Number of protein chains: 2
Amino acid sequence: MKIVLLSGCSGWRLWPLSNEARSKQFLQLLQNEDGDYESMIQRIYRQICEAGMGEDVYVVTGGAQVDAIRSQIGWKAGIIEEPSRRDTFPAVAMAAAFLAYEKCVSREETVLVLPVDTYVDNEYFEKLSCLDETLFQNTADILLMGTKPTYPSAKYGYILPGEKLPVSGNGAGCLKVLRYVEKPSEEEAGELLKRGALWNTGVFAFRLGFLTELLRKYTDAKDMQAFHADFEKLPMKSFDYEILENHVYMAAIPYAGKWKDLGTWNTLTEEMSEENIGSARQGESCVNTHVINELSIPVLVLGAKDMVVAASPDGILVSDKHKSSFIKPYVQEMNIRPMYEERRWGEYKVLDYNQYDDETKSLTKHLMIRAGKSISYQKHYHRDEIWTIVDGVGELLIDGHVRNVRRGDVAYIVKGQLHAMRAVSDLQFIEVQIGAELSEDDIERFEWEW
Amino acid sequence: MKIVLLSGCSGWRLWPLSNEARSKQFLQLLQNEDGDYESMIQRIYRQICEAGMGEDVYVVTGGAQVDAIRSQIGWKAGIIEEPSRRDTFPAVAMAAAFLAYEKCVSREETVLVLPVDTYVDNEYFEKLSCLDETLFQNTADILLMGTKPTYPSAKYGYILPGEKLPVSGNGAGCLKVLRYVEKPSEEEAGELLKRGALWNTGVFAFRLGFLTELLRKYTDAKDMQAFHADFEKLPMKSFDYEILENHVYMAAIPYAGKWKDLGTWNTLTEEMSEENIGSARQGESCVNTHVINELSIPVLVLGAKDMVVAASPDGILVSDKHKSSFIKPYVQEMNIRPMYEERRWGEYKVLDYNQYDDETKSLTKHLMIRAGKSISYQKHYHRDEIWTIVDGVGELLIDGHVRNVRRGDVAYIVKGQLHAMRAVSDLQFIEVQIGAELSEDDIERFEWEW
């Protein structure tokens, strides 16, 4: 069985901690049993490994997330990079094509697709492990996992189950799917609830051959190069709308254990074991309030009830928990660049940005490169950069010449000059950018063998 | 008549905008009729000038506020600097000594003492202008101004009035003071209210000779040098406790116009004409909520009711307005250095602070020196500083040598090196401090003639 994790892009709902560059699944806000903080992707990957299913895990994602995934879950899982972000149907298709054409996986192999951002306990993985065996009993083309709804929500998919299928083993209890309805109105959802419908947990299992067969409708590709070329032809739709709503031969395994979508501040804070993360203090008058502070300055909250306060280099959110799901349009309007990014080599945060006139802007960053890592050999066309090393030891490469740098050293990199840095020990430096245009896009990368 | 403004130190109640270095009276949060923002001290000084009383104004303050006062109200008002902060009785005594011994003001001259942080309209100044004339009619040693209380507060002083005094002119209505009670319990305050007591507005007028005479009880000083030497002997008490509670020959003028103590976020936000200052957005679901944001990152507030959100380089406050008066113990506990300061030469804010190990700290600042101003010629014993000019033109002085600097220039100032900077045009630069000890106290200042 191959496990495919869908690592989507969701920068809005958990703003300001999530942004264009840092999706919610990378926020380290959940505490494991040892008391260490982990992100949603770290948690689910750890749980998969603990359930003994960590051998064949692939993460489908866009290029922007590759650094963060490698930094958070290491190098054992495969990464399947989408040429562009086009919703979950193209993402699943990409994974199937990659497994079939690149990895030459058998047509009979079960593919299990999981969302990366659900909050579940270990029982979920026990249940998942039976999907392979159940599929093998020819129950259906696609196997789903359904959970009992708690209210008629308009944001989930609904599985309308029929008779019990003759399945033995752990999959006993498997039900035929009569109909699948993605995101109905609340009224329809109420009707579906009356008829015993289940919420879709976002899990689906199928044999690889079933999906590659189905993909013939969209592309003739038989290798990855051809598939890449045809990728833009795939409809920009979710797997639920494109496949589940239109396919009749499906079955579902009911799941009664813990399952939660940590998509909003309201639901996420319910799973946070600490009321304050980071430098934060709440007065005794506060009730059911959570503070997550990634800034180095303190947050003090007095007399707040049912609120979430989240602060990051991107901004500050103060919200009633129930209103926090309405955040999206406000954040979209702001249209600001990400002020914090986790990268393959370390991380940076923006400290200061100023525009003095049309020709003059300055931007100050704090960067951290982890020992042994390096930032790419690059140049900029529109800015000078002044680097001041504040801690650690590194190798600075400028126009082909390497010199050692340590705390207190300063490097002046003028427009057009090729430069890179490799950290010998964890390296911290302050970068001051000066120029008429200061953008992450003003970069040309080159090869260098350290 | 000489006007003495008491500019005290109050860094707690309006945290994080006020701090050790920036008292509440310097926060530019009030809008004047032209729509420009002004601080409490700017507002009251403007009102004094508009009432035609701006000729003889003195501000009594500690040395730490001199830069901010000069920067906000200019050079026309005199500044009387206290050798140390010892409450309002020593402050008023200092002002009296300064006027008598340094300025040789006549013993018969009226001295009018005003707090700097009350929010009043122009009627208040009309009333003040009659205190001189009333005092001249020998009504009392000390004239107060009282206003009708609205509730039995334990935080004000109470004037218990007796019969009307035979005063003619604008001071008609002047009442004998039977008793003065500073900060009674709420119960006592209730009793006083029943007996017609008034709140003290913090205004008092007396003849200079009355106070210098009274000071003989504490010191024999007859010149400023001797007075300075004896300053520490003065009791560390408020004028209200030390004088008003113990003096019988007082009268009070009732004042019915607007009077407000802008001491807490709750009272201050009532006078703010805008709900958002700085980069701030409130969702439609917000009610009676104010946001003051001095950071460059945006603040978004959803579903808040009766709240104040204040963000500055010192920290972030989220508070129910009514609870905001309980802020003091929380802020005292934090014990953090000021991250923003307004200085005579311009301003700075701290962008970043990190401690890597016992020997290694770094601190990054953005500084702005106004055209024509300079920072003092100084050296540090425990840190190197790297300055990167990001805008403007200046003269950099290092160990007696001056060189011109402009945008893009970098200066490396090592421990022990003498340095200063003068701005030719408004000068912006980023300073990275590196050292084992990073404190504003690690500074030795020298003279330099530019």
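Structural data are supplied above this passage.
Basis of the calculations
- Residues numbered from 1 in each chain as written.
- Chains lettered and ligands numbered in written order.
- Predicted model: local features only at pLDDT ≥ 70, side-chain atom pairs only at ≥ 80, totals over all residues.
- Heavy atoms only, no water.
- Contact = heavy atoms within 4.5 Å.
- Buried area = accessible area lost by both parts, 1.4 Å probe.
- Salt bridge = Lys/Arg side-chain N within 4 Å of Asp/Glu carboxyl O.
- Polar contact = N/O pair within 3.5 Å; in protein donor to acceptor, adjacent residues only side chain to side chain.
- Nonpolar A, V, L, I, M, F, W, Y, C, P; charged D, E, K, R; others polar.
- Pairing = 2+ DSSP bridges.
- Helix = DSSP H or I, 4+ residues; strand = E, 2+ residues; numbered from the N terminus.
- Least-squares fit on C-alpha atoms with pLDDT ≥ 70 in both.
- Axes fitted to C-alpha atoms, helices over the stretch in contact; angles between N-to-C directions.
- Phe/Tyr/Trp six-rings, centres within 6.5 Å; stacked < 30°, edge-to-face > 60°.
- Buried < 20%, exposed > 50% of the residue type's maximum accessible area, 1.4 Å probe, protein only.
- Lys NZ or Arg CZ within 6 Å of the ring centre and 35° of its normal.
- Parallel < 35°, antiparallel > 145°, perpendicular 65-115°, else oblique.
- Left-handed = near helix turned anticlockwise from the far one by under 90°.

Undergrad: Any chance you could explain the interface of chain A and chain B here in plain terms?
TA: Frequently, the measure chosen for interface size is the accessible area that the parts lose on association. In this complex, chain A contributes 58 residues to the contact, which on the side of chain B involves 58 residues. Overall, the association of chain A and chain B removes approximately 4,600 Å² of surface from exposure, summing both partners, and the carbon and sulfur fraction of that is 67%. Three residues stand out in chain A for area buried against chain B, namely A:Leu300, A:Leu302 and A:Tyr330, and they jointly supply 15% of the buried area on that side. One salt bridge in this structure joins B:Arg281 and A:Glu333, with 2.3 Å as the shortest N-O distance. At the junction of chain A with chain B, the criterion picks out 20 residue pairs in polar contact (both at pLDDT 80 or more). Of the residues belonging to the side of chain A that touches chain B, the class tally is 31 nonpolar, 15 polar and twelve charged. The pairing of strand 19 (residues 315–320) of chain A with strand 17 (residues 299–302) of chain B spans four bridges and is classified as parallel.

Undergrad: Even after reading the chapter, I still don't get the side chain of B:Gln42, so can you show me in this structure?
TA: Residues and elements named next belong to chain B. Here Gln42 shows up in helix 1 (residues 40–50). Looking at Gln42, its side chain comes within polar contact range of the main-chain nitrogen of Ser39, at 2.9 Å. Here the side chain of Gln42 touches Gln72 through a polar contact of 3.1 Å, landing on its backbone oxygen. In contact with Gln42, not counting residues within four places along its chain, are Gln28, Tyr37, Gln72 and Ile73.

Undergrad: It is not clear to me how the side chain of A:Lys24 should be interpreted in this structure. Could you clarify?
TA: Residue and element names in this part refer to chain A. Of note, Lys24 is situated in the loop between strand 1 (2–6) and strand 2 (30–31). In this structure the side chain of Lys24 is engaged in a polar contact, spanning 3.0 Å, whose partner is the side chain of Asp117. Other than its neighbours up to four places away in sequence, Lys24 contacts Ser10, Leu14, Ser18, Met40, Asp117, Asp261, Leu262 and Gly263.

Undergrad: What is the right way to read the relation of the copies chain A and chain B from this model?
TA: Both copies of the chain are tied together by a single rotation about an axis and a shift running along it. With an RMSD of 0.1 Å, the fit of chain A onto chain B corresponds to turning through 180 degrees and sliding 0.0 Å along the axis. Such a combination of rotation and displacement between the chain copies is what one expects of a two-fold axis. The rotation axis passes nearest to the C-alpha of A:Leu351 in chain A, at a distance of 2.9 Å. Here 100% of the contact residues of chain A are again contact residues in chain B; the copies associate through an equivalent surface.

Undergrad: Looking at this structure, how should I read the sheet that holds strand 29 (residues 427–435) of chain B?
TA: Pairing between sheet strands relies on hydrogen bonds along the backbone, with the strands arranged either parallel or antiparallel. All names here are of chain B. Taking strand neighbours across the sheet as the criterion, the six strands line up as 20-21-22-29-24-27 in an open arrangement whose pairing is antiparallel. If you trace the sheet from one side to the other, it starts and ends with strand 20 (340–343) and strand 27 (410–413), each paired once. Here the average twist between neighbouring strands, direction ignored, is 20 degrees. Pairing geometry for strand 24 (residues 383–391) and strand 29, over eight bridges, is antiparallel. Within strand 29, the position partnered with Thr388 by the bridge is Ile430.

Undergrad: I'm lost on the packing of aromatic side chains in this one. Help?
TA: Any pair of aromatic rings gets described here by the distance separating the centres and the angle formed by the planes. Inspection of the entire model under this criterion finds 29 aromatic pairs over all chains. Plain terms: the ring middles of A:Phe227 and A:Phe231 are 6.2 Å apart, the flat faces sit at 65 degrees to each other, and that makes the pair edge-to-face. The pair A:Phe227 / A:Phe231 is uniform in exposure class, with both members buried. Taken together through their ring pairs, the aromatic side chains of A:Phe89, A:Phe204, A:Phe206, A:Tyr218 and A:Phe239 make up a single cluster. Geometry around A:Tyr348 places A:Lys365 over its ring, the cationic atom sitting 3.8 Å from the centre. Positioned over the ring face of B:Tyr119 is B:Arg43, at 3.8 Å from the centre of the ring.

Undergrad: Looking at this structure, how should I read the sheet that holds strand 17 of chain B?
TA: The sheet built from six strands is open, its strands ordered 14(A)-16(A)-18(A)-19(A)-17(B)-15(B) with mixed pairing. In the strand order of this sheet, the two ends are held by strand 14 (276–277) of chain A together with strand 15 (280–282) of chain B, each with one partner. In terms of strand pairing, strand 18 (residues 307–312) of chain A meets strand 19 of chain A through six bridges, oriented antiparallel. Pairing of A:Ala310 across the sheet is with A:Leu317, part of strand 19 of chain A.

Undergrad: So what exactly am I meant to see when it comes to the pairing of strand 25 (residues 393–398) of chain A here?
TA: Consecutive side chains along a regular strand alternate between the two faces of the sheet. All names here are of chain A. Bridge count for strand 25 against strand 26 (residues 401–406) is six bridges, and the pairing is antiparallel. In the strand pairing of strand 26, Ile398 is matched with His401. Counting the residues that bridge the hairpin from strand 25 to strand 26 gives two residues, and of these Asp399 lies at a positive phi of roughly 45 degrees. In terms of strand pairing, strand 25 meets strand 28 (residues 419–423) through five bridges, oriented antiparallel. Among the inter-strand pairings, Glu395 is bridged to a residue of strand 28, identified as Arg422.

Undergrad: Hey, could you run me through the environment of B:Ile73 in this one?
TA: Residue and element names in this part refer to chain B. Here Ile73 lies in helix 2 (residues 66–73). Overall, the relative accessible area of 11% leaves Ile73 in the buried class. Residues Ile73 and Arg46, spaced 27 residues apart in sequence, show a C-alpha to C-alpha distance of 8.5 Å. The residues touching Ile73, leaving out its near neighbours within four places in the chain, are Ile41, Gln42, Tyr45 and Val59.

Undergrad: Any chance you could explain unusual backbone geometry here in plain terms?
TA: For residues that are not glycine, phi is negative in most cases, and the peptide bond is trans in most cases. Omega for the peptide link from A:Trp15 to A:Pro16 comes to 5 degrees, which places this bond in the cis form. With respect to the secondary-structure elements, A:Pro16 resides in the loop between strand 1 and strand 2. Backbone geometry at B:Cys104 places phi at a positive 50 degrees, although glycine is not the residue there. By the element assignment, B:Cys104 lies in the loop between helix 3 (88–102) and strand 6 (110–115). Residue class for B:Cys104 comes out exposed when judged on its relative accessible area of 63%.

Undergrad: I tried to follow the pairing of strand 16 (residues 290–293) of chain A on my own but got confused; where do I start?
TA: Residues and elements named next belong to chain A. Of the two faces of strand 16, both are covered, the one formed by His290 and Ile292 as well as the one formed by Val291 and Asn293. Here strand 16 pairs with strand 18 via four bridges, running parallel. Residue Asn293 lies in a different strand from strand 18, and its bridge partner there is Ala311.

Undergrad: Looking at this model, I keep getting lost on the packing of helix 3 (residues 88–102) of chain A against helix 7 (residues 208–215) of chain A. Mind explaining?
TA: When two helices pack together, their arrangement is captured by the angle between the axes and the distance separating the axes. Residues and elements named next belong to chain A. The N-to-C vectors of helix 3 and helix 7 enclose an angle of 115 degrees; their axes lie 10 Å apart at closest approach. With respect to helix 7, the element helix 3 is oriented roughly perpendicular. Viewed along their axes, helix 3 and helix 7 form a crossing whose handedness is left-handed. Taking contact as the criterion, the partners of Phe89, Val92, Ala93, Ala96, Leu99, Ala100 and Tyr101 in helix 3 are, on helix 7, Leu208, Leu211, Thr212 and Leu215. Residue composition of the contact of helix 3 with helix 7, by class: ten nonpolar, one polar and no charged.

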